[in-house]
Amino acid sequence: MSVSFNFSETETQQSVKAMVRDFAEKNIRPHIMEWDEAQHFPVELFKQLGDLGLMGVLVPEEYGGSGLGYQEYVDVIVEVARVCGSIGLSLAAHNSLCTGHILAFANEEQKQKWLPKLATAEWIGAWGLTEANTGSDALRMMTTAVEDGDDYIINGAKNWITHGKSGDIAVVMVRTGEQGSSKGISAIVVERGTPGFSAGKKENKLGMRASETTEMIFDNCRVPKANLLGNVGDGFKQAMKVLDGGRISIAALALGIAKGAFDAAVAYSKQRQQFGQPISSFQAISFKLADMATEIEASELLIRQAADLKNRHLPMTKESAMAKYFASEVSVKVATEAVQIFGGYGYTKDFPVEKFYRDSKLCTIGEGTSEIQKIVIAREILS
């Protein structure tokens with residue numbers, strides 16, 4: 001099948017980028033180190049993002065969202081992440097995981113109930129797949145949901161959950177069948193305040209520190225069967241489709257971090273004087289910048305390709321995995337080189353690149369490690 005691509009920027013994209021860039025400069029940049037040091041998840045900021053329509057970028061207008069496509073969504077994540085990766089991560093998790101799962105697999109009554117609150121940030125969303133002993137090996141999850149009349153009773157725990165404490169609603173993958181079976185997992189929505197649903201340990205992280213990451217604990221948590229998304233046993237299949245789109249999110253997050261680190265490195269290299277001239281005039285520095293710029297652009301092309309396929313509802317498992325794998329590795333490389341260009345100053349918290357450096361690493365781990373992306377890509381190539 002021959003597929004053509006047109007990545008020309010539309011007027012809508014230009015407007016969205018300008019709006020988000022202006023918001024990030026005014027409302028995020030002044031607070032990034034304060035939030036990072038305190039590991040403060042700024043819920044109030046996400047309410048503002050909701051007012052701008054950025055918490056329901058992909059949600060149709062009939063459910064209170066912006067009704068935009070994946071190219072605009074990529075722009076939103078990139079522009080936020082080039083200022084602060086933490087805020088970009090939380091924005092991505094809310095939009096593509098929790099909200100995206102409900103948008104893709106909920107029935108009409110469920111969509112009407114939950115999407116308007118998520119799209120406006122009245123509610124913050126969480127998504128629970130990972131457990132302490134089943135990271136990449138999700139089929140062996142231990143969290144169970146047992147039928148009891150018109151309800152499910154959920155027991156178990158999820159960890160590494162973005163908004164696991166502050167989230168108002170969570171889409172949770174639970175075992176309803178045999179362990180190890182792809183048809184043994186279901187997706188159930190659990191609202192905050194449900195008895196037996198609580199938050200556990202909050203992780204003290206290297207980077208992405210303003211994006212809350214906690215355990216979610218279920219202790220005889222009784223949830224109506226009406227909260228099941230799709231059919232019993234569909235959860236794993238649903239989660240894999242959600243992660244296809246989620247990989248575009250993390251790729252965009254990685255791209256934004258790389259662009260932020262690169263912008264800082266270019267500006268510093270022009271200002272920093274050594275041996276009577278700006279360090280950008282030295283080949284050792286200019287060649288680093290050339291490599292960084294090239295790999296950033298290559299990342300963006302992979303991401304735009306995956307987003308275009310997603311918009312057109314075409315298969316994009318391989319393309320999204322490639323985009324996520326390449327962009328996340330490039331993000332780490334670019335952030336590392338940015339620290340090197342800053343020299344000793346790059347190792348201090350007085351300059352921005354050390355935070356980009358810390359934040360970038362999560363992109364190679366979250367929503368499928370680089371190693372898992374290689375497995376996905378190889379399987380698609382060889383199938």
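Residues numbered from 1 in each chain as written. Predicted model: local features only at pLDDT ≥ 70, side-chain atom pairs only at ≥ 80, totals over all residues. Heavy atoms only, no water.

As annotated in an unreviewed UniProt entry, the protein chain carries the name Cyclohex-1-ene-1-carbonyl-CoA dehydrogenase and comes from Pedobacter petrophilus. In the Sequence similarities (unreviewed entry) part of its UniProt record, the protein chain is described as follows: "Belongs to the acyl-CoA dehydrogenase family." Reading the Cofactor (unreviewed entry) entry of the UniProt record for the protein chain gives the comment "FAD". (UniProt positions renumbered as here; feature names shortened; annotations may be inferred.)

Asker: Is there a simple way to think about the packing of aromatic side chains in this case?
Answerer: Each aromatic ring pair is characterised by the separation of its centres together with the angle its planes make. In this structure the tally under the stated criterion is eight aromatic pairs. Between Phe-197 and Phe-218, the ring centres sit 5.0 Å apart and the planes meet at 5°, which makes this aromatic pair stacked. Taken together, the residues Phe-197 in strand S6 (residues 197-202) and Phe-218 in strand S7 (residues 213-224) connect sequence positions 21 residues apart. Accessibility classification places Phe-197 together with Phe-218 in one group, the buried group. Considering the side-chain rings of Phe-275 and Phe-282, the 6.3 Å spacing of their centres and the 90° angle between planes classify their relative orientation as edge-to-face. In this structure Phe-282 comes out as partly exposed when scored by relative accessible area, which is 27%. Cluster of aromatic residues (ring-pair linked, three or more members): Tyr-268, Phe-342, Tyr-345 and Phe-351. For Arg-192, the ring lying beneath its charged end belongs to Phe-197, and the centroid distance is 4.3 Å. (Phe/Tyr/Trp six-rings, centres within 6.5 Å; stacked < 30°, edge-to-face > 60°. Helix = DSSP H or I, 4+ residues; strand = E, 2+ residues; numbered from the N terminus. Buried < 20%, exposed > 50% of the residue type's maximum accessible area, 1.4 Å probe, protein only. Lys NZ or Arg CZ within 6 Å of the ring centre and 35° of its normal.)

Asker: Mind showing me how you'd approach the UniProt feature "domain: Acyl-CoA dehydrogenase/oxidase N-terminal" (unreviewed entry) in the protein chain here?
Answerer: Under the UniProt annotation, "domain: Acyl-CoA dehydrogenase/oxidase N-terminal" (unreviewed entry) lies at residues 10-122. Across residues 10-122 one finds 69% helix and 0% strand; the C-alpha atoms that close the span lie 30 Å apart.

Asker: Mind showing me how you'd approach the UniProt feature "domain: Acyl-CoA dehydrogenase/oxidase C-terminal" (unreviewed entry) in the protein chain here?
Answerer: UniProt marks residues 233-382 with the feature "domain: Acyl-CoA dehydrogenase/oxidase C-terminal" (unreviewed entry), using the numbering shown here. Helix makes up 75% of residues 233-382 and strand makes up 3%, while its end C-alpha atoms are separated by 27 Å.

Asker: Could you clarify how one ought to interpret helix H6 (residues 108-119) in this entry?
Answerer: Residue pairs spaced three or four apart in an α-helix point in one direction, given the helix's 3.6 residues per turn. An ideal rise of 1.5 Å per residue puts 16 Å on 12 residues; H6 measures up with 16 Å between its terminal C-alpha atoms. For H6, the set of buried residues is Gln-110, Lys-111, Trp-114, Leu-115, Leu-118 and Ala-119. The buried residues of H6 occupy an angular sector of 125° when the element is viewed end-on, so they sit on one face. Looking at the packing, one finds that the buried side of H6 touches helix H3 (43-51), helix H5 (85-105), strand S1 (125-128), strand S4 (169-175), strand S5 (185-191) and strand S8 (228-229). (Expected span 1.5 Å × (residues − 1). Arc of directions from axis to C-beta. Contact = heavy atoms within 4.5 Å.)

Asker: Even after reading the chapter, I still don't get the packing of helix H9 (residues 317-342) against helix H11 (residues 370-382), so can you show me in this structure?
Answerer: Helix packing geometry: the angle between the two helix axes and the distance between the axes. Between H9 and H11, whose axes approach to 9 Å, the crossing angle comes to 145°. As for how H9 packs across H11, the hand of that crossing is left-handed. Taking contact as the criterion, the partners of Thr-317, Lys-318, Ala-321, Met-322, Lys-324, Tyr-325, Ser-328 and Glu-329 in H9 are, on H11, Ser-370, Gln-373, Lys-374, Val-376, Ile-377, Glu-380 and Ile-381. For the contact of H9 with H11, a count of residues per class yields six nonpolar, four polar and five charged. (Axes fitted to C-alpha atoms, helices over the stretch in contact; angles between N-to-C directions. Left-handed = near helix turned anticlockwise from the far one by under 90°. Nonpolar A, V, L, I, M, F, W, Y, C, P; charged D, E, K, R; others polar.)

Asker: So what exactly am I meant to see when it comes to the side chain of Glu-79 here?
Answerer: Examined against the element boundaries, Glu-79 turns out to sit in helix H4 (residues 70-81). Apart from residues no more than four positions distant in its own chain, Glu-79 is found in contact with Lys-17, Val-20, Arg-21 and Ala-24.

Asker: Honestly, the domain arrangement of the protein chain in this entry has me stumped. Any pointers?
Answerer: Much of the literature gives interface size as the accessible area that the parts lose upon coming together. Along its sequence, the protein chain is carved into domain 1 (11-124), domain 2 (126-235) and domain 3 (242-382). Between the C-alpha centres of domain 1 and domain 3 there is a distance of 21 Å. Facing the 26 residues of domain 1 at the interface are 29 residues of domain 3. Surface buried jointly by domain 1 and domain 3 totals about 2200 Å² across both partners, of which 61% is contributed by carbon and sulfur atoms. Looking at the side of domain 1 facing domain 3, the largest losses of area belong to Tyr-70, Gln-71 and Arg-82, adding up to 29% of the total buried there. (Domains from an automatic or database assignment. Buried area = accessible area lost by both parts, 1.4 Å probe.)

Asker: Sorry, what's going on with a nonpolar patch on the surface here?
Answerer: On the surface, a cluster of nonpolar side chains totalling about 260 Å² of accessible area is made up of Phe-5, Phe-7 and Leu-301. Residue position: Phe-7 is located in the segment before helix H1 (11-27). Accessibility expressed as a relative area gives 32% for Phe-7, which makes it partly exposed. (Patch = residues over 30% accessible without salt bridge, like charges linked within 9 Å, V, L, I, M, F, W, Y side chains within 5 Å. Areas by Shrake-Rupley, 256 points an atom, 1.4 Å probe, with all protein chains shown as cover. Salt bridge = Lys/Arg side-chain N within 4 Å of Asp/Glu carboxyl O.)

Asker: Would you explain the environment of Gly-56 in this entry?
Answerer: If you trace the backbone, Gly-56 turns up in the loop between H3 and H4. Gly-56 gets classed as buried once you look at its relative accessible area, which sits at 0%. Residues Gly-56 and Leu-118, 62 residues apart in the sequence, show an inter-C-alpha distance of 6.8 Å. Gly-56 has contacts with Gly-65, Ser-66, Gly-67, Asn-95 and Ala-119, leaving out every residue within four places of it along the chain.

Asker: For this particular structure, what's the right way to read the pairing of S5?
Answerer: Residues in a regular strand project their side chains so that they alternate between the two faces of the sheet. A large share of S5 lies buried, amounting to six of its seven residues. Across two bridges, the pairing between S5 and S8 is antiparallel. Bridge pairing in S8 places Ile-188 opposite Leu-228. (Pairing = 2+ DSSP bridges.)

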